[in-house]
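# Understanding the architecture of this molecule
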Amino acid sequence: MCSLKIYEKLQFWPQNPECFREVFEECINNLNLLSVSLLKAMATSLNVDENCFLDQCGERRTMVARFNFYPLCPRPDVVLGVKPHADGSAITILLQDKEVEGFQVLKDDQWFRVPAVPYGFLVIVGDQVEIMSNGIFKSPVHRVVMNAERERNTLAAFISPDTDVGIGPVEKLINEERPRVYKDVKNYVEHFFQYYQQGRRPIEAAMI
């Protein structure tokens, strides 16, 4: 797996294979523009200021892009590619393998497969937008299963707020019918990994 923060470390990527860094940088820049449009659209859908989620993310929000390679596995019934979790990002944009499925979401205690749409992006709400939306948008628990016959490759881009900026529910989304569900939090991702290693959902610590 490989990770980077946009605008900070692309210059350290190797020149080979030829044109890879240039193409990948263009891809990341376009994903950044897409994330801005998505966060604005999500806010607008709740009848609040279109920039309210973006403003909480701060001017130094980060995007970490990660390539995932899942080799074929002779025992996919006992091995997971990624254990069940919800993302600690604001949103995650996932480019799935165009041919091999593996992504599943948990709903009503059942696992449902997410079809692989060739060259299509899967947008996943992260814990931090769940907090900002006061629980209206839900961060789904998901996992990755293995395949006994074919390997699988994906690209995930995790968009997260500036770690120095605190986030919390948008005030206009708090009322008598929907009281405040979450506390204000800061540097959520740091807490995320602490809880993830324990097999717990870090968003529980943000609940009132």
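The rules behind these values
- Residues numbered from 1 in each chain as written.
- Predicted model: local features only at pLDDT ≥ 70, side-chain atom pairs only at ≥ 80, totals over all residues.
- Heavy atoms only, no water.
- Helix = DSSP H or I, 4+ residues; strand = E, 2+ residues; numbered from the N terminus.
- Expected span 1.5 Å × (residues − 1).
- Buried < 20%, exposed > 50% of the residue type's maximum accessible area, 1.4 Å probe, protein only.
- Contact = heavy atoms within 4.5 Å.
- Phe/Tyr/Trp six-rings, centres within 6.5 Å; stacked < 30°, edge-to-face > 60°.
- UniProt positions renumbered as here; feature names shortened; annotations may be inferred.

Bringing helix α1 (residues 20-45) into the picture now. Over its 26 residues, α1 runs 37 Å from end to end, which matches the ideal 38 Å to within 8%, given 1.5 Å per residue. Taken together, the buried positions of α1 are Phe 24, Ile 28, Leu 31, Asn 32, Ser 35, Val 36, Leu 39, Met 42 and Ala 43. On its buried face, α1 sits against α2 (52-57), β1 (62-70), β3 (91-95), β6 (121-125), α3 (127-132) and β8 (152-160). Phi turns positive, to about 60 degrees, at Asn 47, one or two residues after α1.

This part is about the packing of aromatic side chains. The tally for this structure, following the rule as stated, stands at three aromatic pairs. Consider the rings of Phe 20 and Phe 24, whose centres lie 5.7 Å apart with planes at 5 degrees: the pair is stacked. Of this pair, Phe 20 and Phe 24 both sit in helix α1, four residues apart, which is roughly one turn of that helix. Among the residues examined, Phe 20 registers a relative accessible area of 28% and is labelled partly exposed. Ring centres 6.1 Å apart and planes at 40 degrees place the aromatic pair Phe 20 and Phe 67 in the tilted group. Here Phe 20, found in helix α1, pairs with Phe 67, found in strand β1; they are 47 residues apart in sequence, far enough to count as distant. On the basis of relative accessibility, which here comes to 28%, the residue Phe 67 falls in the partly exposed class. Linked through ring pairs, Phe 20, Phe 24 and Phe 67 together constitute an aromatic cluster.

On to the UniProt feature "domain: Fe2OG dioxygenase" (unreviewed entry) in the protein, then. Taking the numbering used here, the UniProt-annotated feature "domain: Fe2OG dioxygenase" (unreviewed entry) corresponds to residues 61-161. Along residues 61-161 one finds 6% helix and 47% strand; the C-alpha atoms at either end are 4 Å apart.

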